[in-house]
Amino acid sequence: MIRRVSLAVVGLFAFAVAHAYSPNAIVVTPSTFDFGWCPDNSKIDAKFIIRNTGSDLIPITGVQPTCGCTASQFTPGTLGSNDESNVVLTFNTRGYAGTSFHKDAKIKTDTSGVEYTVYLAGFVLDPSVMVAPEGDGIAGFEPGSNEKKKTLSIRNRSAKDV
């Protein structure tokens, strides 16, 4: 009888420990969104996907940008196993002409102390500058590549020769 009770207590303890330490498995894709070069005085959107890769239900309680120039479009709810939810962050470039930006937003769960961060980055064009990069202005290097240099094209935005 004592042996059965001991085994039951040990089993309950092992289950409680395993459940208490099971990580909330949230994956946010992408975790960083690089806009590259952005127009001044515009609202630009980044779409993130929150996915529950664990087996437990995870309530997502909020998405909070860290500054007033960024707004989130998100509906709080509970993510079941392998469920996903979309988050749209809208960054207002007004007042950032000619500067780079690095913004973030916190994704909050109801688990104490557990939050995830997504990042926005880019460079806002200065409308008074007469040359600008073509495309997004990002020179990408492939993982494992031996490339050390890339060529970026620029275009003349004025009527005069540069």
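The structure reproduced in this document is the subject of the present report. Remember, it's a predicted structure, so these values are computed and weren't measured experimentally.

1. Digging into the sheet that holds strand β7 (residues 84-92)
- One open sheet accounts for four strands, arranged β1-β3-β7-β5; its pairing is antiparallel. Edge positions in the sheet fall to β1 (26-29) and β5 (70-73), since each of these pairs with one other strand and no more. Within the sheet, the average angular offset between the axes of one strand and its neighbour, ignoring direction, is 25 degrees.
- The pairing of strand β3 (residues 43-52) with β7 spans nine bridges and is classified as antiparallel. Residue pairing for β7: Ala46 is matched across the bridge by Leu89.

2. Some words on the packing of aromatic side chains
- Taken as a whole and assessed by the stated rule, the structure comprises six aromatic pairs.
- Each ring, one from Phe35 and one from Phe101, has its centre 6.1 Å from the other, and the planes form 45 degrees; the classification is tilted. Residue Phe35 is located in strand β2 (residues 32-38), and its partner Phe101 is located in strand β8 (residues 100-109); the two are separated by 66 residues in the primary sequence. The same class applies to Phe35 as to Phe101, namely buried.
- Every member of this aromatic cluster is reached through a ring pair, and the members are Phe33, Phe35, Phe48, Phe91, Tyr96 and Phe101.

3. With respect to the side chain of Thr93
- When you line up the elements, Thr93 lands in the loop between β7 and β8.
- Of the residues examined, Thr93 reaches a relative accessible area of 0% and is grouped as buried.
- Polar contacts involving the side chain of Thr93 include one to the main-chain amide nitrogen of Asn41, which spans 2.9 Å.
- Aside from chain neighbours lying at most four places away, what touches Thr93 is Cys38, Pro39, Asp40, Asn41, Ser42, Ile44 and Val124.

4. A closer look at the pattern of salt bridges
- Using the criterion set out here, one finds two salt bridges in the structure.
- A salt bridge links Glu84 to Arg51, with the nearest nitrogen and oxygen atoms 2.9 Å apart. Here Glu84 is found in strand β7, whereas its partner Arg51 is found in strand β3, with 33 residues between them in sequence.
- The partner of Glu115 in a salt bridge is Lys108, with the nearest N and O atoms 3.0 Å apart.
- Exposure remark for Glu115: the relative accessible area of 38% places this residue in the partly exposed category.

Reading the values: rules and limits
Residues numbered from 1 in each chain as written. Predicted model: local features only at pLDDT ≥ 70, side-chain atom pairs only at ≥ 80, totals over all residues. Heavy atoms only, no water. Pairing = 2+ DSSP bridges. Helix = DSSP H or I, 4+ residues; strand = E, 2+ residues; numbered from the N terminus. Axes fitted to C-alpha atoms, helices over the stretch in contact; angles between N-to-C directions. Phe/Tyr/Trp six-rings, centres within 6.5 Å; stacked < 30°, edge-to-face > 60°. Buried < 20%, exposed > 50% of the residue type's maximum accessible area, 1.4 Å probe, protein only. Polar contact = N/O pair within 3.5 Å; in protein donor to acceptor, adjacent residues only side chain to side chain. Contact = heavy atoms within 4.5 Å. Salt bridge = Lys/Arg side-chain N within 4 Å of Asp/Glu carboxyl O.

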